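A closer look at the structure
Chain residues, written in single-letter form:
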Number of protein chains: 4
Amino acid sequence: MKNINSIKKVVLAYSGGLDTSIIISWLKENYNCEVIAVVGNVGQKDELIGLEEKALKTGASKCYIEDLTDEFVNDYIFPTIKAGAVYEGKYLLGTSFARPIIAKRLVEIAIKEGADAIAHGCTGKGNDQVRFELAVKAFAPDMKIIAPWRIWDIKSREEEIEYALERKIPISISYETNYSKDKNLWHLSHEGLDLEDPANEPKYDKILEMCNTLENAPDNPSYIKLKFEKGIPVELNEEKLDGVTLIEKLNKIGGENAIGIIDMVENRLVGMKSRGVYETPGGTILYKAHKDLEEICLDKETAHYKQQVALKFADLVYNGQWFTPLREALSAFIDKTQETVTGEITLKLYKGNIINAGMTSPYSLYSEEYATFGEDAVYNQNDSSGFINLFGLPITVKAKMEEKLKKGDK
Amino acid sequence: MKNINSIKKVVLAYSGGLDTSIIISWLKENYNCEVIAVVGNVGQKDELIGLEEKALKTGASKCYIEDLTDEFVNDYIFPTIKAGAVYEGKYLLGTSFARPIIAKRLVEIAIKEGADAIAHGCTGKGNDQVRFELAVKAFAPDMKIIAPWRIWDIKSREEEIEYALERKIPISISYETNYSKDKNLWHLSHEGLDLEDPANEPKYDKILEMCNTLENAPDNPSYIKLKFEKGIPVELNEEKLDGVTLIEKLNKIGGENAIGIIDMVENRLVGMKSRGVYETPGGTILYKAHKDLEEICLDKETAHYKQQVALKFADLVYNGQWFTPLREALSAFIDKTQETVTGEITLKLYKGNIINAGMTSPYSLYSEEYATFGEDAVYNQNDSSGFINLFGLPITVKAKMEEKLKKGDK
Amino acid sequence: MKNINSIKKVVLAYSGGLDTSIIISWLKENYNCEVIAVVGNVGQKDELIGLEEKALKTGASKCYIEDLTDEFVNDYIFPTIKAGAVYEGKYLLGTSFARPIIAKRLVEIAIKEGADAIAHGCTGKGNDQVRFELAVKAFAPDMKIIAPWRIWDIKSREEEIEYALERKIPISISYETNYSKDKNLWHLSHEGLDLEDPANEPKYDKILEMCNTLENAPDNPSYIKLKFEKGIPVELNEEKLDGVTLIEKLNKIGGENAIGIIDMVENRLVGMKSRGVYETPGGTILYKAHKDLEEICLDKETAHYKQQVALKFADLVYNGQWFTPLREALSAFIDKTQETVTGEITLKLYKGNIINAGMTSPYSLYSEEYATFGEDAVYNQNDSSGFINLFGLPITVKAKMEEKLKKGDK
Amino acid sequence: MKNINSIKKVVLAYSGGLDTSIIISWLKENYNCEVIAVVGNVGQKDELIGLEEKALKTGASKCYIEDLTDEFVNDYIFPTIKAGAVYEGKYLLGTSFARPIIAKRLVEIAIKEGADAIAHGCTGKGNDQVRFELAVKAFAPDMKIIAPWRIWDIKSREEEIEYALERKIPISISYETNYSKDKNLWHLSHEGLDLEDPANEPKYDKILEMCNTLENAPDNPSYIKLKFEKGIPVELNEEKLDGVTLIEKLNKIGGENAIGIIDMVENRLVGMKSRGVYETPGGTILYKAHKDLEEICLDKETAHYKQQVALKFADLVYNGQWFTPLREALSAFIDKTQETVTGEITLKLYKGNIINAGMTSPYSLYSEEYATFGEDAVYNQNDSSGFINLFGLPITVKAKMEEKLKKGDK
């Protein structure tokens, strides 16, 4: 392991926010090292503007802005949709799977640049530090990792600002407190302030950015049509779209209709509960559409077992265990199940609701012949009698054992 | 096993509908037996009016109308809410758990009356026949069960009507086709007709009875407050209520706000898929409230494991395996987890949406001290570093093994 | 569906035993049809001798003897070893996975021959009828299946013999009763007679055929060495062997050392319990070797999750659900996990015991550096302290909540 | 949290071995505090002799020797047998469940004595530190825990001895290196030395203490008879025995017959793999007897689900999560399943093998009537046909869908 003195070059996961701005200074001050800022573009959009200039001004020797959006959608988001993975029944993992992809690129750049360490601005109380660092370990097990929040004496936002002012670090924040946010193509999360007490109703009109409030959503529904191929959305309203564009369009229309607003108290990996509000408009539509399509495309045994796999998959993603043999093996399972998840579904979006307005699939296992209440030729109702007798045989045997016991007792 | 000739008295699960009306005649005609009609009141309300008179007129020698509503709520509905059991991610099991309770009472009456057999009007293609018969087997393993739909030559509603007319059975139905429905305190289900093609959007304005359509729901939200004790709802809006009344009130307000409308293609136990629309307004509110409260009252390991148990519990209930050792053992697990699920939650109901507007619990494991982004005393951020190193050790070891392998290859 | 009259040609799963011998006659008598006997060679060895002649003599128009041994090992046995699937903790599925492969070939021959139906000699109380028929349905969903034991009036072995004698069917059995057996490359099963009472100790000296009794096994141990590649055994004692030969050799040496004798009461798919004794000498060695090797080749999360998958995989195989999407998807999961299950293991075989006598793998995740009790450089013991604090945080938070509650109570 | 200066009295988990002997000195030297030694007697037997005298001589102000054997058996061992919990398919958790009970008593004494901290001698690389500390947190979340191995500079056994010699701490160890052992009523574990390389065959003749080697076990089998009530062993050879005595007797006879020797590479909670040899003679007999009895006493669905619960239960016990809501809720599940696990079983013990020599239960669900190959009255073989058709319906529907697709392709 490298000791402090040997650290000459650090690659920093840079966002341009307060934290990583002062970390550049702090690293240079404490390690006397060069700092290379790396921004992973996973769809933060406007948050990316001016980042390179800012990083250099703040003391970075170089700034990489890496467009990871396509890879993010195809290799992280889509596999998770296919899994149907939802953390604790609510959270669509928007931040969770953004960390591994960024960390992986950090390692690549660190190796290319011959850096001695990787640094990040994650707090010591959250999940993101784990997600970042596990991904780093997966690709560079001996890489030194620097997590200033776990080391320095700064304890709060106020002290950060003070630190910046003292050193004349050009920061453009106001003293106005704000929710802690994480934004990418898939979602926007909000934590902190009044949300820290679960007794408080979230002030949605102040919080929401991607979504309308339910009340402000249009009074008329929007209809959309999605096409999936092998579990992956490929068309919106009969237009073939790449994943990034498709999600952006769904975010827009979903957000308008107030789709995908979640409020939850979740269990962090590091042992405490936290409360957050998430906006995932497009993602929520995709999950719903995919799940419904699976209802006709998957047989019962597969669908039921996949529910359990989804729980585990969600845990792994949430915990930052993306680059692990188990996640990869579960993905192999899931991909196999998705071979027939192909079809079209129409959805009605209306004031927070997504209503299935009809779906079809060439692989549909729904068979009107079997299901109908009317006359049918294919199904022999008498079969049920044998089925029930054998399916219920353990119940019969047990009831008889009990009868015998009771008689014996007399 | 009894042979046909020995059947002198049959207890019939009677609903007053077309099916069970003609079954009375059919049983008497084919077995030359006495038929006792038994109605299990699980909250069908208006469907119960005039049933006794009708049964006797149609040929029953006696008609029992059994009020099972309290038992239904306390011994079937509440245990299932506590489990958080949802079949295939959507169905709140409204019909599923109504069958065992009715069948149990049928057996009790059959034994009291010295009946030779129990009959029901379930079709040979559905789940209900299984649920009825498994429950009968659990309490009377040698009881003869007669399921006319699996025996007789009648193949359709039309033929039933013909059969009734020929025998002058007083039936009060029109030729107008209608959805197949099942109603009780907890829900109302709809199957058949245009719903039999999943490509069709349900005509909600024609289908819904308990619920407003989303569009017709009020433009202003309703706020309600629920109190749970050990996982069971005990108060609505600060009024202590018995379970039946509480659910009725929630059905009313939930229905007004278009809560709890589900459209799904489900996998029946007997092997085929079927499509149904369910209205469960009060139930949907209770599930949401209970789930959210668990977020603060259950620790992570318990909550995550319970998700898996809920999947199995739902399968058992759906499959009619209520009176089985596994269902009982799972309930023992669940009851243990519910000891601290006590607290209050306020909900905003608005056009199909249920929004958590604040919750509290004396057993809350949410700790602002630990969760806060601000300065804190209780949590040592440095602990994370050790945690991550050990949690990630398998990843490190694997990455090093791979490095070694690669070097060896050269 | 074909009616009886249209059945002109039947393909029969033929074993040459009493059952299938009289079934040839019975089919011809009752359907007036041609009967083609098909024997699936899955390693029954001596049971195959003279089968063709016998089939023709008994009335078959043709007799196929299909060598399925290689396919049996590579496509059925090895995937199940890789899964580590054991039914109810004991049964290595020897009969279970032999049925699908035979049924698949039956369908292929039935189609080639233009047969109208497939017949088998399985009893109506067992699992094999299900396994056969599910496999037939998977490849020929409309194929008529004839299961004489579920139709005819013959109720016992005695009546079968009588039936044969009346028709002068050349059978070579004695009246001596015997255990019901099923033999193939993988195992030999025994059921019936005194085994039908679980209170009886099996008379192993009379029952065992593949294995010595424990007492008769040699007093000196045998050492063997196995090499696995991606979860599949490829070498025995440094000799590269095809799967069939390898299993045969292991059966011999395992049998000598009384390895792999199992006595169990199992739960059949069709609802009742049954008791059987199984001999699986080579298979037991392979399972043990594979499991031990996985201990060093798989990481903990994968290994633990795979334990659960193994339970499901075993159920599917036992239930005859080999040709189902879920079995295939689970195999995709398993194959992914096996990519690093490569290595060598030495085993000592001694009087029923298999002792691991050392193993190595290039992919070993066991790291002496980390595990050692001696001095080490790679592991910072201080990390544990942080790990324990966070891993135990939910316990701390709960204990504090309870303390607060108690104080509040005073 | 207490700071170092405020620590005036420490309660130490004392074993009398080298580690805890020098820890007494080290604590007094570093904290200038009183040290109270506490020994939890969980059946270490001869290891307990002279401990009090030794502790006082080594500097402890007091020494508690707490007899926890009955509680250990009834509240920790028996619940785990009932669960059928085995870690990673092999380990019977002998050390795992001994830690929580000792820690619980440590807390009780610490509170009674007004101690400021609890200390233990567990290494920073193992599981035991976690198990100890989680149990402490459960009962005293604010108690200071001192783990010298994670703090001091001593890095090896050699340095420990040096430390002792320098301070004239009366230790009675030789320089002879030895396996690291943990002994209690339930088992004896061995780690270290040549075992640290999984390529080495264990030198059983040098290692084993509770058990004969297989080769030295008697040439004649021993038969024993066990009676269980609700999953708990209550009689051996028709003699009613308390749990401690019963296990001791089973250890003796099991050990003679070389029962219960396990060699494994296990995954520690703290992230690395380790290799150990375990002797659990009596425990292995009890697990086998209990499992076999469950085969006739539990219905299939319960038995299968319990297999999964056992996996989780084993993880929790192994991880030291005994005092958690999930472990308690799983125990509620298990206890419910054990209500009918009552009966008698005879076992033959012979050279490492345990052979079921017959079992009976008043609650047996094994029914010869149903299982028999002979004629029977209770089971209608024709029922199978309906069962198979419905159980296989998803396969049929899928096969037909595929046929349709293929036709469509042409």
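Every chain's residues receive numbers from 1 upward, in the order its sequence appears when written. Ligands are numbered from 1 and chains lettered from A, in the order in which they are written. The predicted nature of this model means local features are confined to residues of pLDDT at least 70 and side-chain atom pairs, given and counted, to a pLDDT of 80 or more, with totals for whole chains, interfaces and linings taken over all residues. Excluding hydrogens and water, the side-chain values take into account all heavy atoms of the structure.

Basically, it comes down to this: UniProt positions are given in the numbering used here, feature names are shortened, and annotations may be inferred rather than shown by experiment.
As annotated in an unreviewed UniProt entry, chain A carries the name Argininosuccinate synthase and comes from Clostridium isatidis. Quoted verbatim from the Subcellular location (unreviewed entry) field of the UniProt record, the comment on chain A reads "Cytoplasm". Taken verbatim from the UniProt record of chain A, the Subunit (unreviewed entry) comment is "Homotetramer."

Observations regarding the pattern of salt bridges
Stated precisely, the cut-off is as follows: We count a salt bridge whenever a side-chain nitrogen from Lys or Arg sits within 4 Å of a carboxyl oxygen from Asp or Glu. Each helix corresponds to a stretch of at least 4 residues labelled H or I by DSSP, and each strand to a stretch of at least 2 residues labelled E; elements are numbered beginning at the N terminus. Note on exposure labels: buried denotes an accessible area under 20% of the residue type's maximum, exposed denotes more than 50%, and partly exposed covers the range between, all computed with a 1.4 Å probe on protein chains only.
If you walk through the whole model with that rule in mind, you get 144 salt bridges over all chains. The residue D:Arg105 makes a salt bridge to D:Glu71 at a minimum N-O spacing of 3.3 Å. Separated by 34 residues along the polypeptide, D:Arg105 in helix α4 (residues 98–113) and D:Glu71 in helix α3 (residues 69–83) bring together distant segments of the chain. A salt bridge links D:Asp292 to D:Lys288; its shortest N-O distance comes to 3.0 Å. Taken together, the residues D:Asp292 and D:Lys288, both in helix α9 (residues 281–297) and four residues apart, mark about one turn of the helix. Exposure remark for D:Asp292: the relative accessible area of 0% places this residue in the buried category. One network of salt bridges, in which partners are shared, links A:Glu66, A:Glu71, A:Lys104, A:Arg105 and A:Glu108.

Things to note about the packing of aromatic side chains
The relation between two aromatic rings is expressed through the spacing of the ring centres and the mutual angle of the planes. Spelled out, the test is: Stacked, edge-to-face and tilted are the three classes for Phe, Tyr and Trp ring pairs, Trp counted by its six-membered ring, which pair at centre distances within 6.5 Å; planes under 30 degrees apart are stacked, over 60 edge-to-face, the rest tilted. Each ring is checked for a lysine NZ or an arginine CZ that lies within 6 Å of its centre and within 35 degrees of its normal; such an atom marks a charge sitting over the ring.
Inspection of every chain in the model, using the stated rule, returns 62 aromatic pairs over all chains. Between D:Phe97 and D:Trp186, the ring centres sit 6.0 Å apart and the planes meet at 65 degrees, which makes this aromatic pair edge-to-face. Of the two residues, D:Phe97 sits in the loop between α3 and α4 while D:Trp186 sits in the loop between β6 (180–183) and β7 (188–191), which places them 89 residues apart along the sequence. Aromatic rings pair up to connect A:Tyr76, A:Phe139, A:Phe313, A:Trp322 and A:Phe323 into one cluster. Positioned over the ring face of A:Trp322 is A:Arg327, at 4.0 Å from the centre of the ring.

Some points on the relation of the copies chain C and chain D
This is how it is decided: The least-squares superposition of copies is restricted to C-alpha atoms, and to residues with a pLDDT of at least 70 in both copies. Contact criterion: two residues are considered in contact whenever any of their non-hydrogen atoms come within 4.5 Å of each other.
For the pair chain C and chain D, the best superposition has an RMSD of 0.0 Å and corresponds to a rotation of 180 degrees with a translation of 0.0 Å parallel to the axis. The transformation just described matches what one would write down for a two-fold rotation axis. When the interface residues of chain C are mapped onto chain D, 100% of them again lie at the interface, so the same face is used by both copies.

Topic: the UniProt feature "binding site: ATP" (unreviewed entry) in chain A
Residue and element names in this part refer to chain A. In this numbering, the UniProt entry assigns the feature "binding site: ATP" (unreviewed entry) to Ala 13, Tyr 14, Ser 15, Gly 16, Gly 17, Leu 18, Asp 19, Thr 20, Ser 21 and Gly 121. In three dimensions, the annotated residues from a span of 109 residues occupy one location, with a maximal C-alpha spread of 12.9 Å. Here Ala 13 is to be found in strand β1 (residues 9–13). Apart from residues lying up to four places away in sequence, Ala 13 is in contact with Thr 20, Val 38, Leu 106, Ala 119, His 120 and Phe 132.

Topic: the UniProt feature "binding site: L-aspartate" (unreviewed entry) in chain A
Residue and element names in this part refer to chain A. Heads up, the condition is: N or O atoms within 3.5 Å of each other form a polar contact, as long as, within protein, one can give a hydrogen and the other can take it, and as long as residues adjacent in sequence are counted only when both atoms are side-chain atoms.
The positions that UniProt labels "binding site: L-aspartate" (unreviewed entry) are, in the present scheme, Thr 123, Asn 127 and Asp 128. With a relative accessible area of 24%, Thr 123 lands in the partly exposed category. Within polar-contact distance, the side chain of Thr 123 engages the backbone nitrogen of Lys 125 at 3.0 Å. Tracing the chain through its elements places Asp 128 in helix α5 (residues 128–139).

A word on the interface of chain C and chain D
To keep things clear, this is the line we draw: Two parts placed together each lose some accessible area under a 1.4 Å probe, and adding up what both lose gives the buried area. Asp, Glu, Lys and Arg are counted as charged, while Ala, Val, Leu, Ile, Met, Phe, Trp, Tyr, Cys and Pro are counted as nonpolar; the rest, among them Gly, fall into the polar class.
Across the boundary between the two partners, chain C contributes 102 residues, which contact 102 residues of chain D. Carbon and sulfur atoms supply 56% of the area buried between chain C and chain D, which totals about 9,000 Å² over both sides. Between chain C and chain D we count eight salt bridges in total. Between D:Glu215 and C:Lys348 there is a salt bridge, with the nearest N and O atoms lying 2.7 Å from each other. When its residues are assigned to classes, the side of chain C that touches chain D shows 38 nonpolar, 30 polar and 34 charged.

Observations concerning the sheet that holds strand β7 (residues 188–191) of chain B
Residues and elements named next belong to chain B. Cut-off, in case you're wondering: Two strands pair if DSSP finds at least two bridges between them. Axes here refer to lines fitted to C-alpha atoms; in helices the fit is confined to the stretch in contact. Angles between the N-to-C directions go from 0 to 180 degrees.
Taking strand neighbours across the sheet as the criterion, the four strands line up as β6-β7-β12-β11 in an open arrangement whose pairing is antiparallel. Strands with a single pairing partner mark the edges of an open sheet, and in this sheet they are β6 (180–183) and β11 (261–267). Across this sheet, the average inter-strand angle for adjacent strands is 25 degrees, counted without regard to direction. Strand direction decides the pairing type here: β7 and strand β12 (residues 273–279), joined by four bridges, are antiparallel. Counted as the bridge partner of His 190 is Val 277 from β12.

Some words on the interface of chain B and chain A
Listed by partner, the interface residues are 102 residues for chain B and 102 residues for chain A. Of the roughly 9,000 Å² buried where chain B meets chain A, counting both sides, 56% is carbon and sulfur surface. Here chain B is connected to chain A by 41 residue pairs in polar contact (both at pLDDT 80 or more). Considering only residue class, the side of chain B that touches chain A consists of 38 nonpolar, 30 polar and 34 charged.

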